[in-house]
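# Structural description and commentary
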Amino acid sequence: MFVTFLKFAENRAAAPEFMAAHNDWIAQGFADGAFLCVGSLQPAAGGAILAQGESREDHDARISADPFVERRIVTAETYEIDPKRTVAALDFLKATV
């Protein structure tokens, strides 16, 4: 499982111009079954993604393809988590790739 933080960077002002492409990229992540949750970092600091079901290499490639990452609107920082204990509803997170 991966948690990726997308923190605003030097080109933050360009975010409105690329928001539609960024949202399409997010939609594709959900359609591919890779993204479990996407949300905003508060207050207005960027975003976060909870992902599962692909290798680290594939996840990193997916993140690199984000239009916000490509245009340095955000910088990405990913942490890999090996879940050991979960509530029953999240037991699927303990499965490996």
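Now for a look at the structure at hand. (Residues numbered from 1 in each chain as written. Predicted model: local features only at pLDDT ≥ 70, side-chain atom pairs only at ≥ 80, totals over all residues. Heavy atoms only, no water.)

Per the counting criterion, the structure on display carries eight salt bridges. In this structure, E70 and R71 form a salt bridge, with 3.4 Å as the shortest nitrogen-oxygen distance. For R71, a relative accessible area of 33% gives the class partly exposed. The salt bridge partner of K84 is D82, with a shortest N-O separation of 2.7 Å. (Salt bridge = Lys/Arg side-chain N within 4 Å of Asp/Glu carboxyl O. Buried < 20%, exposed > 50% of the residue type's maximum accessible area, 1.4 Å probe, protein only.)

With that settled, consider a nonpolar patch on the surface. Together, L36, V87, L90 and F92 give the surface a local cluster of nonpolar side chains, amounting to about 330 Å² of exposed area. Looking at where V87 falls in the secondary structure, it is placed in the segment after β4 (74-80). (Patch = residues over 30% accessible without salt bridge, like charges linked within 9 Å, V, L, I, M, F, W, Y side chains within 5 Å. Areas by Shrake-Rupley, 256 points an atom, 1.4 Å probe, with all protein chains shown as cover. Helix = DSSP H or I, 4+ residues; strand = E, 2+ residues; numbered from the N terminus.)

Counting 15 residues, the largest nonpolar core has I49 and I73 as its most contacted members. Mapped onto this core, the elements with two or more residues apiece are α1 (15-31), β3 (46-51) and α3 (67-70). Among the elements that take part in this core, α1 stands out by supplying four residues, more than any other. Leave out the neighbours within four places in its chain, and I49 touches F2, V3, T4, L6, W25, F35, C37, V38 and I63. (Core = buried A, V, L, I, M, F, W, Y, C linked by side-chain atoms within 4.5 Å. Contact = heavy atoms within 4.5 Å.)

Spatially, the four strands line up as an open sheet ordered β2-β3-β1-β4, and their pairing is antiparallel. The open sheet has two edge strands, β2 (35-41) and β4, and neither has a second partner. Each strand axis lies, on average, 15° off the axis of its neighbour in the sheet, ignoring direction. In this structure, strand β1 (residues 2-8) lies alongside β4, joined through seven bridges in antiparallel fashion. Paired with F8 across the strands is V74, a residue of β4. (Pairing = 2+ DSSP bridges. Axes fitted to C-alpha atoms, helices over the stretch in contact; angles between N-to-C directions.)

This part covers α1. Taking 1.5 Å as the rise per residue, α1 with 17 residues should run 24 Å; its terminal C-alpha atoms sit 23 Å apart, in good agreement. Taking the largest bend as the criterion, α1 deviates by roughly 30°, centred on A21. Residues A15, F18, H22, W25, I26 and G29 constitute the buried set of α1. G33 sits one or two positions beyond α1 and adopts a positive phi of about 80°. (Expected span 1.5 Å × (residues − 1). Bend = angle between axes of the 7 residues up to and from the residue.)

Below, the discussion takes up helix α2 (residues 56-64). Listed in full, the buried residues belonging to α2 are H59, R62 and I63. The arc that holds the buried residues of α2, viewed along the axis, is 95°, so those residues lie on one side. Tucked inside the fold, the buried residues of α2 contact β1, α1, β2, β3, α3 and β4. (Arc of directions from axis to C-beta.)

Bear in mind that shape data such as this cannot, by itself, settle questions of function.
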